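Given next are the chains, with one letter for each unit.
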Amino acid sequence: MLTLASKLKRDDGLKGSRTAATASDSTRRVSVRDKLLVKEVAELEANLPCTCKVHFPDPNKLHCFQLTVTPDEGYYQGGKFQFETEVPDAYNMVPPKVKCLTKIWHPNITETGEICLSLLREHSIDGTGWAPTRTLKDVVWGLNSLFTEDFRNKVDDYIKRYAR
């Protein structure tokens, strides 16, 4: 059975045997996380929602990036919300760490910027937590979905129904 680890070892072996100059490069191991991120970042940039922008402060460190969400509908329309994302070494077995840098009142974001989103949980009761099949694209779309829900109508309905 071909695994990702064996494929990476084989690819590194082929690269190292081509020339002496590349032999020194092959001794510097590239983590599985970084190899996955190269593919996932390309996919993410191709499928980014129109309300989101990704910024890499250091293009050589794909595991640290910032996301800006600017909702064009709903209660948060016109806002600009910054998120900091750090992808741990154990990625894709564990979810990325995401923090909201913008002070905001949101039912899923704490005062310190921690985000309550099931796919960012390593273990979830409802089974919708992180899984190795998820990607950064799922994380970005999940964060974007936090702002597309129209809370204004829900609050008005709640007030009409329960406030007397």
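Calculation criteria
- Residues numbered from 1 in each chain as written.
- Predicted model: local features only at pLDDT ≥ 70, side-chain atom pairs only at ≥ 80, totals over all residues.
- Heavy atoms only, no water.
- UniProt positions renumbered as here; feature names shortened; annotations may be inferred.
- Helix = DSSP H or I, 4+ residues; strand = E, 2+ residues; numbered from the N terminus.
- Axes fitted to C-alpha atoms, helices over the stretch in contact; angles between N-to-C directions.
- Parallel < 35°, antiparallel > 145°, perpendicular 65-115°, else oblique.
- Contact = heavy atoms within 4.5 Å.
- Patch = residues over 30% accessible without salt bridge, like charges linked within 9 Å, V, L, I, M, F, W, Y side chains within 5 Å.
- Areas by Shrake-Rupley, 256 points an atom, 1.4 Å probe, with all protein chains shown as cover.
- Salt bridge = Lys/Arg side-chain N within 4 Å of Asp/Glu carboxyl O.
- Buried < 20%, exposed > 50% of the residue type's maximum accessible area, 1.4 Å probe, protein only.
- Pairing = 2+ DSSP bridges.

For the protein, the name recorded in an unreviewed UniProt entry is E2 NEDD8-conjugating enzyme, with Pan troglodytes as its organism. On record in UniProt, under Sequence similarities (unreviewed entry), the comment for the protein is "Belongs to the ubiquitin-conjugating enzyme family." Listed under Catalytic activity (unreviewed entry) in UniProt, the entry text for the protein is "[E1 NEDD8-activating enzyme]-S-[NEDD8 protein]-yl-L-cysteine + [E2 NEDD8-conjugating enzyme]-L-cysteine = [E1 NEDD8-activating enzyme]-L-cysteine + [E2 NEDD8-conjugating enzyme]-S-[NEDD8-protein]-yl-L-cysteine."

Another point: unusual backbone geometry. With an omega of 20 degrees, the peptide bond between Y91 and N92 qualifies as cis. Its location among the elements puts N92 in the loop between β3 (81-86) and β4 (97-100).

A few words now on the packing of helix α3 (residues 32-46) against helix α4 (residues 136-145). Where α3 meets α4, the closest approach of the two axes is 8 Å, and the angle between their N-to-C directions is 40 degrees. Considered as vectors, α3 and α4 are oriented oblique to each other. Of α4, the residues touching α3 (which contributes L37, E40, V41, E43 and L44) are L136, K137 and V140.

Below, the discussion takes up the UniProt feature "active site" (unreviewed entry) in the protein. UniProt records the feature "active site" (unreviewed entry) for C116 in the present numbering. Counting through the fold element by element, C116 comes out in the loop between β4 and α4. Excluding its chain neighbours within four sequence positions, the residues that come into contact with C116 are N108 and R121.

We now examine a nonpolar patch on the surface. Together, V155, Y158, I159 and Y162 make up an exposed nonpolar region whose accessible area comes to about 450 Å². We classify V155 as partly exposed; its relative accessible area is 44%.

Position of T135 among the secondary structure elements: in the loop between β4 and α4. A relative accessible area of 16% means that T135 is categorised as buried. Those residues within four positions of T135 in sequence are excluded, and the remaining contacts are E40, Y91 and W130.

Across the two faces of β3 the burial differs, with F81, F83 and T85 buried and Q82, E84 and E86 not buried at all. Bridge analysis of strand β2 (residues 64-69) against β3 gives six bridges, and the strand direction is antiparallel. Within the sheet, the bridge partner assigned to L67 lies in β3 and is F83. Note: β3 against β4, four bridges, orientation antiparallel.

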